[in-house]
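Working through the structure, step by step
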Amino acid sequence: AAAAAAAAAAAAAAAAGHRAAPTASQAKTSTFYSKYYTVYRYGAFRYVPKTNVASIDELVAAVRTMFDDERIGRLVTHTGREAHSLDALRHEYEQGFFVALGADERFIFPALRVGETVTVDVQDFEPGTVKQVKLRTLSVRPRVFEVLDFLSPRECEHIITVAKQSSMMRSSVGHSNDVATKSDVRTSSQTWIGPGQRNDDNVFERVRARVHELTRTPTELSEDTQVVKYEAGQHYYAHHDASDKRTTGDNYYYGAGGNRILTMLWYLNDVSVGGETVFPFANSSWSPEKHMTQMSSAAGCTSGGLRVPPIKGNAVLFYNLEEDGVMEGKVDESSLHAGCDVGPGEQKFLANQWIRNKRVWVPNDSKPGGGAMHLFDKTW
């Protein structure tokens, strides 16, 4: 009888896997969702009867079976917080759901519906204090989120001041042959600020830490911060931030699946005309499978899609890799984006914070058996 009951519960849960993702209000009020653990993986949901599991390990085992995926080794909440027991974080997962991950897999915020928001605690402007930031879904594919009030006005002004005092040079674009070149595709100027550099300070350190808190990524996967200035008429036309390993030759890093998992753009000042960040394949009938060849040069800024205006203190978070290929460096082609022309009499400051999916062992050809763990291998 117990086996039959368990089989019936499993069948009901499997059928429930076809349900749409619960909204916050459904999660709070629905009798169904109160009886099942809701678990997400790669765009799909499964539902495990709460009466069938007594520990987080049992829940992980059940989820592994229901998704038929032996790689699953841990659960986090929908905001990326690690679940070590069923009692810990109960309020959070009951307001949302679990996300199933492999042991070394990176968390990606699920993008389920445009307009939905989640709240995440991060380090505030003053050391030791906490602020809540709201993450609002702007696009489901690509996964694009607006982070409201991510930076304080003081932080924005400080970053601009430091950048102006640094050596800002004409921006370049990278190629698979490790050579960075100047191009009319990108006409801004930039400087780099990171650990160990003379222009780095506790403000940059604090904001970078906030990025990692929000995105649930280790600090060792962060590139230096790139601060960029656009004068009137300047832009960075349609491009991807990740590199396709099919085009990077014998580069060890990309060949082993290393890549940029995510980008965070920090908007440092208001721009009243132009300067939007555009995602031409977001919220659009166009797709990279059918329309990528039409996205050359300025087309990314004229083809529609999602347009995000620069608002001082806000940030945009988007993912460059496919959710089911994060650790293999599989590029999400729909993450194509552009920084459009800044309007007359305007100036735009922003910062790029790129986070990598992993470090990769890169051998030293001049020393047999030698090498080191690299965050990237010269290619940007």
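Right above here is the structure, for reference.
What comes next is a walk through the structure.

Conventions adopted
- Throughout this document, residue positions are counted from 1 along each chain, in the order its sequence is written.
- In view of the model being predicted, local features appear only for residues whose pLDDT reaches at least 70, and side-chain atom pairs are presented and counted only at 80 or more, with totals across whole chains, interfaces and linings using the full set of residues.
- To get the side-chain values, take all heavy atoms of the structure and skip hydrogens and water.
- Only DSSP runs of H or I covering at least 4 residues are called helices, and only runs of E covering at least 2 are called strands; the numbering of each starts at the N terminus.
- Note that a disulfide, as used here, is simply two cysteine sulfur atoms within 2.5 Å.
- Only protein chains enter the accessibility calculation, which uses a 1.4 Å probe. A residue is then buried if its area is under 20% of the maximum for its type, exposed if over 50%, and partly exposed in between.
- If DSSP finds at least two bridges between two strands, the strands pair.
- We call two residues in contact when some of their heavy atoms are within 4.5 Å.
- Interaxial angle, 0 to 180 degrees, is taken between N-to-C directions of lines fitted to C-alpha atoms, where a helix line uses only the stretch in contact.
- Each Phe, Tyr or Trp ring, with Trp reduced to its six-membered ring, pairs with another whose centre is within 6.5 Å; inter-plane angles below 30 degrees give stacked pairs, above 60 give edge-to-face pairs, and intermediate values give tilted ones.
- Geometrically, a lysine NZ or arginine CZ counts as sitting over a ring once it is within 6 Å of the ring centre and also within 35 degrees of the ring normal.
- The nonpolar core is taken to be a set of buried Ala, Val, Leu, Ile, Met, Phe, Trp, Tyr and Cys residues, with the residues joined through side-chain atoms within 4.5 Å.

1. Here's the deal with the environment of D57
Relative to the assigned elements, D57 resides in helix α4 (residues 56–67). Distance in space between the C-alpha atoms of D57 and L86 is 9.3 Å, their sequence separation being 29 residues.

2. Quick notes on the state of the cysteines
Taken as a whole and judged by the stated rule, the model has 1 disulfide. With its sulfur 2.0 Å from that of its partner, C301 forms a disulfide with C340. Across the S-S bond linking C301 and C340, the dihedral sits near -105°, which makes this disulfide left-handed. With C301 in helix α10 (residues 299–302) and C340 in the loop between β16 (337–339) and β17 (347–356), this pair connects stretches of sequence that are 39 residues apart. The exposure class assigned to C301 is buried, which follows from its relative accessible area of 12%.

3. Focus: the sheet that holds strand β15 (residues 315–319)
Taken in spatial order, the 9 strands of this open sheet run β5-β6-β7-β15-β12-β17-β10-β9-β8, and their pairing is antiparallel. In this open sheet, the two strands that pair with only one neighbour each are β5 (117–123) and β8 (169–170). Where strand β12 (residues 260–267) lies against β17, 7 bridges are found, and the strand directions are antiparallel. Looking at β17, one finds that T263 is bridged to W354. Sheet strands touched by helix α7 (residues 202–215): β5, β6 (130–139), β7 (144–148), β9 (189–193), β10 (225–231), β12, β15 and β17. Its angle to β5, the strand with the most contacts, is close to 140°.

4. Here we look at the packing of aromatic side chains
This structure, assessed with the given rule, holds 13 aromatic pairs. In textbook terms, an aromatic cluster arises when at least three aromatic residues are bridged by ring pairs, as seen for Y40, F45, Y47 and F97. Lying over the aromatic face of Y42, R41 brings its terminal NZ or CZ to 4.1 Å of the ring centre.

5. Examining the sheet that holds strand β11 (residues 236–239)
Within a beta sheet, neighbouring strands are joined by backbone hydrogen bonds and run either parallel or antiparallel to one another. Overall, antiparallel pairing links the 4 strands, which are arranged β11-β16-β13-β14 in an open sheet. Edge strands, defined here as strands with exactly one partner in the open sheet, are β11 and β14 (306–308). Mean inter-strand twist for the sheet, computed between neighbouring axes without regard to direction, equals 15°. Across 3 bridges, strand β13 (residues 277–279) lies against β14 in antiparallel orientation. Each residue of the ladder has a partner; that of F279, found in β14, is L306.

6. Details of the nonpolar core
F150, L214, M264 and W266 are the most contacted members of the largest nonpolar core, which totals 52 residues. Grouped together as the second largest cluster of nonpolar side chains are 17 residues, Y230, F279, F318 and V342 included.

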